[in-house]
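Given next are the chains, with one letter for each unit.
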Amino acid sequence: MNLSWDSRFKAQPGTAYVVATPIGNLEDITLRAIEVLKQTDQVYCENAAYSKRLFSAFGISTPCRTLYKDQSEHPFANVISDLRSGQTLALVSDAGTPGVSDPGSQLVRVLRENEIPVVPIPGASALTALLSVSGWQVQPTLFLGFLSEKKGKKRNQLKEWESFEGVLAVFESVHRIKDTLLAAREIFPQSPILVGRELTKLHEEILKIDPEQDLETLKFAEKGEFAILILGKPKKMLNGRVGVADTFK
């Protein structure tokens, strides 16, 4: 594989850039991301007020506006028109990679349907950050995003993957973390669980929960976002190769 060490970035006319921003620690932004955000004509954000604080930290003066879902017959027609006229844009979320748990996926889908070039600018991710410190064999990993706010539906969502032979990953808020962990323990009684709170931030916590641990005694600070890994159903020995259960004893 050939690697290019030419760091000079020049925004290409008519191109949309999907830019990952820090999930906590501002120093996790990439040099390429800063250049993209400085050079594009417009930045669409999950929350413009929030993004402006990030831009201020890195001297980025590009105009930014909050992105909302477009329910019209021809969504984002003005954005497509701007790009076809040669302008460039960047898409960012409040933290991490756009399009995972925010309205950005609709914009990207419409741009692709209209054959607009869309370029990823990768960066920090709560999912891969937690996987990297799990010490678990993470193939396969199934990312479920945010589960339902309703307890019954949440349980059913997890129940659907009760026999999954790999790692399940979900995001959760501080208000629902306890319910989600209790549902996970009910459905995966023999599975270790890894919880990451406020990853890369000042009050970062990473907690491994063993199967025998009493979840009712767990206490988290009353703020923050969570990433959760659940080690699914143990694999069996196949053709002499070690499965998941044997790897993590």
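Here's a quick rundown of the structure. Computed from a predicted model, the values in this text were never measured in an experiment.

### Considering the nonpolar core
When a protein is soluble and globular, its nonpolar side chains tend to lie buried together. Of all hydrophobic cores here, the largest spans 21 residues; its most connected members are Leu158, Leu181, Ile193, Val195, Ile209, Ile228 and Ile230. Breaking this core down by element, the ones donating at least two residues are strand S7 (167–173), helix H7 (177–187), strand S8 (193–197) and strand S10 (225–231). Not counting residues within four places of it along the chain, the set of residues in contact with Ile193 comprises Trp136, Leu181, Ala184, Arg185, Leu207, Lys208, Ile209, Ile228, Leu229 and Ile230. Core analysis: the second largest hydrophobic core is formed by 19 residues, Val36, Val43, Leu54 and Cys64 among them.

### What to know about the packing of aromatic side chains
Given two aromatic rings, one states the distance between the centres and the angle between the planes to describe the pair. Evaluation of the coordinates by the stated rule reveals 4 aromatic pairs. The interplanar angle of 65 degrees and the centroid separation of 4.9 Å between the aromatic rings of Phe143 and Phe171 together place this pair among those described as edge-to-face. With Phe143 in strand S6 (residues 141–146) and Phe171 in strand S7, this pair connects stretches of sequence that are 28 residues apart. Taking relative accessible area as the criterion, Phe143 reaches 30% and is therefore assigned partly exposed. Looking at Phe171, the relative accessible area reads 15%, which means it is buried. Arranged with centres 5.7 Å apart and planes meeting at 65 degrees, the rings of Phe146 and Phe171 form a pair that is edge-to-face. On the criterion of sequence distance, the pair formed by Phe146 in strand S6 and Phe171 in strand S7 is long-range, its members being 25 residues apart.

### A closer look at the sheet that holds strand S1 (residues 16–19)
Read across the open sheet, the 5 strands follow the order S3-S2-S4-S1-S5; overall the sheet is parallel. Two strands bound the open sheet, and with one partner strand each, they are strand S3 (64–66) and strand S5 (118–121). This sheet shows a mean twist of 25 degrees between the axes of neighbouring strands, independent of strand direction. Pairing of S1 with strand S4 (residues 89–92), which is carried by 3 bridges, proceeds in the parallel orientation. Directly across from Ala16, in S4, lies its bridge partner Leu89. Across the sheet, helix H1 (residues 31–39) lies against S1, strand S2 (42–45), S4 and S5, angled at about 140 degrees from S5, the strand it touches most.

### A closer look at the sheet that holds strand S9 (residues 205–209)
With respect to topology, 5 strands assemble into an open sheet ordered S6-S7-S10-S8-S9, the strand pairing being mixed. For this open sheet the edge positions go to S6 and S9, each flanked by a neighbour on one side alone. Taken pair by pair, the neighbouring strands of this sheet meet at an average axis angle of 15 degrees, ignoring direction. Inspection of the sheet shows S6 paired to S7 by 4 bridges, in the parallel sense. Within S7, the residue paired with Thr141 across the bridge is Val167. Together, S7, S8, S9 and S10 form the strand contacts of H7, whose direction differs from that of S10 by roughly 5 degrees.

Rules of the game
- Residues numbered from 1 in each chain as written.
- Predicted model: local features only at pLDDT ≥ 70, side-chain atom pairs only at ≥ 80, totals over all residues.
- Heavy atoms only, no water.
- Core = buried A, V, L, I, M, F, W, Y, C linked by side-chain atoms within 4.5 Å.
- Buried < 20%, exposed > 50% of the residue type's maximum accessible area, 1.4 Å probe, protein only.
- Helix = DSSP H or I, 4+ residues; strand = E, 2+ residues; numbered from the N terminus.
- Contact = heavy atoms within 4.5 Å.
- Phe/Tyr/Trp six-rings, centres within 6.5 Å; stacked < 30°, edge-to-face > 60°.
- Pairing = 2+ DSSP bridges.
- Axes fitted to C-alpha atoms, helices over the stretch in contact; angles between N-to-C directions.

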